[in-house]
Amino acid sequence: MTGVAGVDDAQAPEIRQVGVIGGGQLAWMMLGAAQKLGLELVLQTPLATDPAIANSLQAGLNEAVNAVLAPIADAEATARLAQQCQVITFENEFVDLPALRQLEVQGVCFRPRLSVLASLLDKHEQRQFLQSLDLPVPPFAAITPQDDPRSLGFEFPMVVKARRHGYDGQGTFILKDAVELEQFWQQFQQQELQAQNLQEQNLQAPELQAQEPNLNHRFMVEAFVPFERELAIMAARAETGEVALYPVIETQQKKQVCRWAIAPAPISPAIQTQVEAIATTLLASLEAVGIFGIELFLTAAGEVLVNEIAPRTHNSGHLTIEACSTSQFEQQLRAVAGLPLGDTALQTPAAVMVNLLGFETAHANYQDQRDRLGEIPGATVHWYGKAESKLGRKLGHVTVLLDHPNHAAAVAIAQQVEALWYPSL
Ligand code: ADP
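Reading the values: rules and limits
- Residues numbered from 1 in each chain as written.
- Predicted model: local features only at pLDDT ≥ 70, side-chain atom pairs only at ≥ 80, totals over all residues.
- Heavy atoms only, no water.
- Helix = DSSP H or I, 4+ residues; strand = E, 2+ residues; numbered from the N terminus.
- Rg over C-alpha atoms; globule rule 2.2 N^0.38 Å.
- Contact = heavy atoms within 4.5 Å.
- Areas by Shrake-Rupley, 256 points an atom, 1.4 Å probe, with all protein chains shown as cover.
- Lys, Arg positive; Asp, Glu negative; His and termini not counted.
- Charge placed at Lys NZ, Arg CZ, Asp CG, Glu CD.
- Near = heavy atom within 4 Å.
- Polar contact = N/O pair within 3.5 Å; in protein donor to acceptor, adjacent residues only side chain to side chain.
- Nonpolar A, V, L, I, M, F, W, Y, C, P; charged D, E, K, R; others polar.
- Pairing = 2+ DSSP bridges.
- Axes fitted to C-alpha atoms, helices over the stretch in contact; angles between N-to-C directions.
- Buried < 20%, exposed > 50% of the residue type's maximum accessible area, 1.4 Å probe, protein only.
- Core = buried A, V, L, I, M, F, W, Y, C linked by side-chain atoms within 4.5 Å.
- Expected span 1.5 Å × (residues − 1).
- Arc of directions from axis to C-beta.
- Salt bridge = Lys/Arg side-chain N within 4 Å of Asp/Glu carboxyl O.
- Phe/Tyr/Trp six-rings, centres within 6.5 Å; stacked < 30°, edge-to-face > 60°.

*Asks:* Any chance you could explain the overall build of the protein here in plain terms?
*Replies:* When helices and strands are counted, the protein shows 13 helices and 17 strands. Taking 425 residues into account, the globule formula puts the C-alpha radius of gyration at 22 Å, and the protein, at 21 Å, falls close to it. Viewed in the frame of its principal axes, the protein has a C-alpha envelope of about 65 × 50 × 45 Å. Look at the contacts in the protein between residues 6 or more apart in sequence, and 65% of them connect residues 24 or more apart. Of the accessible surface of the protein, which amounts to about 18700 Å², a share of 50% is contributed by carbon and sulfur atoms. Positive and negative side-chain charges in the protein, numbering 27 and 47 respectively, have mean positions lying 2 Å apart.

*Asks:* Just to check I follow, could you spell out the site of the ligand for this structure?
*Replies:* As a matter of local geometry, the ligand sits amid 19 residues, with Lys123, Gly169, Glu222, Val225 and Glu230 nearest to it. The contact in question runs from an oxygen atom of the ligand to an N or O atom on the side chain of Thr172, over 3.2 Å. Between the ligand and Val225 there is a distance of 2.8 Å, counted from a nitrogen atom to a backbone nitrogen or oxygen. A per-class count over the shell around the ligand returns 7 nonpolar, 6 polar and 6 charged.

*Asks:* Would you mind showing me how to read the sheet that holds strand β6 (residues 158-162) here?
*Replies:* Two modes of strand pairing occur in sheets, parallel and antiparallel, and in both the strands are linked by backbone hydrogen bonds. Taken in spatial order, the 4 strands line up as β5-β8-β6-β7 in an open sheet, and their pairing is antiparallel. At either end of the open sheet lies a strand with only one pairing partner, and these are β5 (140-143) and β7 (172-175). Mean inter-strand twist for the sheet, computed between neighbouring axes without regard to direction, equals 25 degrees. The pairing of β5 with strand β8 (residues 219-223) spans 4 bridges and is classified as antiparallel. Counterpart to Ala141 in the pairing with β8 is Val221.

*Asks:* Please explain the pairing of strand β9 (residues 227-237) as it appears in this structure.
*Replies:* The side chains of a regular strand alternate between the sheet's two faces. Within β9, 8 of the 11 residues are buried, leaving the element largely enclosed by the surrounding structure. Summarising the sheet, β9 and strand β13 (residues 290-299) pair through 10 bridges and their orientation is antiparallel. In the sheet register, Arg229 faces β13, and the bridge partner there is Leu298. Relative to strand β11 (residues 249-254), β9 runs antiparallel, the two sharing 3 bridges. Pairing of Ala232 across the sheet is with Ile249, part of β11. Connecting β9 to the next strand, strand β10 (residues 243-245), in antiparallel fashion are 5 residues, including Gly241 with a positive phi near 100 degrees.

*Asks:* Would you explain the nonpolar core in this entry?
*Replies:* Ranked by internal contacts, the top residues of the largest apolar core, which has 29 residues, are Leu231, Val275, Leu282, Ile294, Leu296, Val306 and Ile309. Top element by residues in this core is helix α9 (residues 269-286). It accounts for 7 residues. Excluding its chain neighbours within four sequence positions, the residues that come into contact with Val306 are Arg127, Leu130, Pro136, Val137, Pro138, Ile278, Ile294, Glu295 and Leu296. Grouped together as the second largest cluster of nonpolar side chains are 26 residues, Ile262, Val354, Leu373 and Ile413 included.

*Asks:* Where do I start with helix α13 (residues 407-421) in this structure?
*Replies:* An α-helix turns once every 3.6 residues. As a result, residues three or four positions apart point the same way. Its 15 residues place the ends of α13 21 Å apart at the C-alpha level, agreeing with the 21 Å of an ideal helix rising 1.5 Å per residue. Three or more residues of α13 are buried, namely Ala410, Val411, Ile413, Ala414, Val417, Glu418 and Trp421. Around the axis of α13, the buried residues are gathered within 155 degrees of arc, so they sit on the same side. Opposite the packed face of α13, turned more than 90 degrees from it, sit the exposed residues Ala408 and Gln415. As for α13, its buried residues are in contact with β11, β12 (257-263), β15 (350-357), α12 (367-374), β16 (379-383) and β17 (394-402). At the N-terminal end of α13, a side-chain oxygen is found 3.0 Å from the backbone nitrogen of Ala408, two or three residues along, and the residue is Asn406.

*Asks:* What is the right way to look at the sheet that holds strand β2 (residues 40-45) in this model?
*Replies:* Sheet architecture is open: 4 strands sit in the order β3-β2-β1-β4, paired in parallel fashion. Strands at the two margins of the open sheet, each flanked by one partner only, are β3 (66-69) and β4 (87-90). When strand polarity is set aside, the average angle formed by the axes of neighbouring strands in this sheet is 25 degrees. As judged from the 4 bridges shared by strand β1 (residues 17-21) and β4, these two strands associate in the parallel manner. Among the inter-strand pairings, Ile21 is bridged to a residue of β4, identified as Phe90.

*Asks:* Please explain unusual backbone geometry as it appears in this structure.
*Replies:* The phi angle of most residues is negative, glycine excepted, and most peptide bonds adopt the trans form. Of the consecutive residues Arg111 and Pro112, the connecting peptide bond is found in the cis state with omega at 0 degrees. Mapping Pro112 onto the fold places it in the loop between α4 (97-105) and α5 (114-120). The amide bond that connects Phe156 to the next residue, Pro157, takes the cis arrangement and shows omega of -5 degrees. As for its position among the elements, Pro157 is in the loop between β5 and β6.

*Asks:* Hey, could you run me through the pattern of salt bridges in this one?
*Replies:* Where side chains of opposite charge bring their charged atoms close, a pairing between them can arise. With the rule as written, the count across this model stands at 14 salt bridges. Between Arg229 and Glu250 there is a salt bridge, with its nearest N and O atoms 2.9 Å apart. With a gap of 21 residues between them, Arg229 in strand β9 and Glu250 in strand β11 connect regions that are remote in the sequence. Judged by relative accessible area, Glu250 falls into the buried class, the value being 4%.

*Asks:* Which parts of the structure should I look at to understand the packing of aromatic side chains?
*Replies:* Geometry of an aromatic ring pair is reported as the spacing of the ring centres plus the angle between the planes. Under the counting rule described, the total for this entry stands at 17 aromatic pairs. Judged by centre distance (6.2 Å) and plane angle (70 degrees), the ring pair of Phe359 and Tyr422 falls under edge-to-face. A residue pair is termed long-range when its members are at least 10 positions apart, and Phe359 in the loop between β15 and α12 and Tyr422 in the segment after α13 qualify at 63 residues. Note on accessibility: Phe359 and Tyr422 belong to one class, buried. By the ring-pair criterion, three or more aromatic residues cluster together here, those being Phe173, Phe184, Trp185, Phe188 and Phe219.

This is how it looks when you write it as structure tokens:
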């Protein structure tokens, strides 16, 4: 047998087929890594037009990727997926955990295990779990429309978050005063009514049906953190307990959506050590197998607080494709397939990744902008091939490798990319 990087014939892994729940851009980027490792991916994703399937056809990757076409939360489809692979991992964690548990009991191998996901999927329970490990988090509480946040100990501005199914800032609301809070609840109750009407007409999407029906368990409130920077670290853990940490990355969000990421983050060695210790404690406590994205706040006083844990590859780690010898996608596959973890060190003095977010509703491939972005020295343009562009939708990203570890130069490149991409900048 050949083609499995880092493993000789005697150590060939038993795992040859890896099931992936999800078929978006993260699964698409995982396909390239699978090919490098000689692994086959089988995806569970709703549509043949989803990036991982549509792009693999276009790119002529071996042959068309194997897929079970079904919604992410369809556990019966996951049972079919399980028949085609030895291990199942996640690109998307919005699954129906109780239904998947029955599969795990029957012997289906999920990596990370479902008990790991169970601690993380609900943001409030995730916070409680982090607190139980003595890891630093912003003050938080569950909140209902009947609660006065002040009596719960929160002042404006405050942050209200949907406990489940939030992504790319959808479900995160920074509220500056009581009027905004009132508007928020009103809007939310209207949406609830619309959803109920849809459900009565039997039109609701299966993934929405899997949501918690009790409104009183849907939101949490937390203190607004006046952070100096946002940081992220990608961390992987193998079945053997080996942990591999990537360099700490700085991320910048606008309107709660990630615009760009820079490695290495401009932080002191003490902060670096603190972030690494948080990641190691977390993964060891979870006995997690796989890769995790950990997002953090760094305050002006040098306090590090954990914001969020993603039990999978993450937007913050995209630059590892060009900047490290093992990308986050390869590392996830290595961890879940029982291969030795790969080298995580930066192979370049610095790197910057900029998201290409949709700025209009259109059917366009933006070839001109992509060509111009590709002319930036050291740039690689990744295009996800989504059928339609919409406001805020992640359509692709650009990674630029730098010759010098110069943070100001990295920020200037992020601005240059944004100026070439967004028509209004
Ligand atoms: P998502 O799960 O959708 O990514 P997050 O909870 O990570 O949502 O929030 C998205 C962004 O909103 C964060 O990256 C940060 O910029 C901002 N944000 C979230 N929580 C807070 C907070 N407590 N204080 C200040 N800003 C916050």
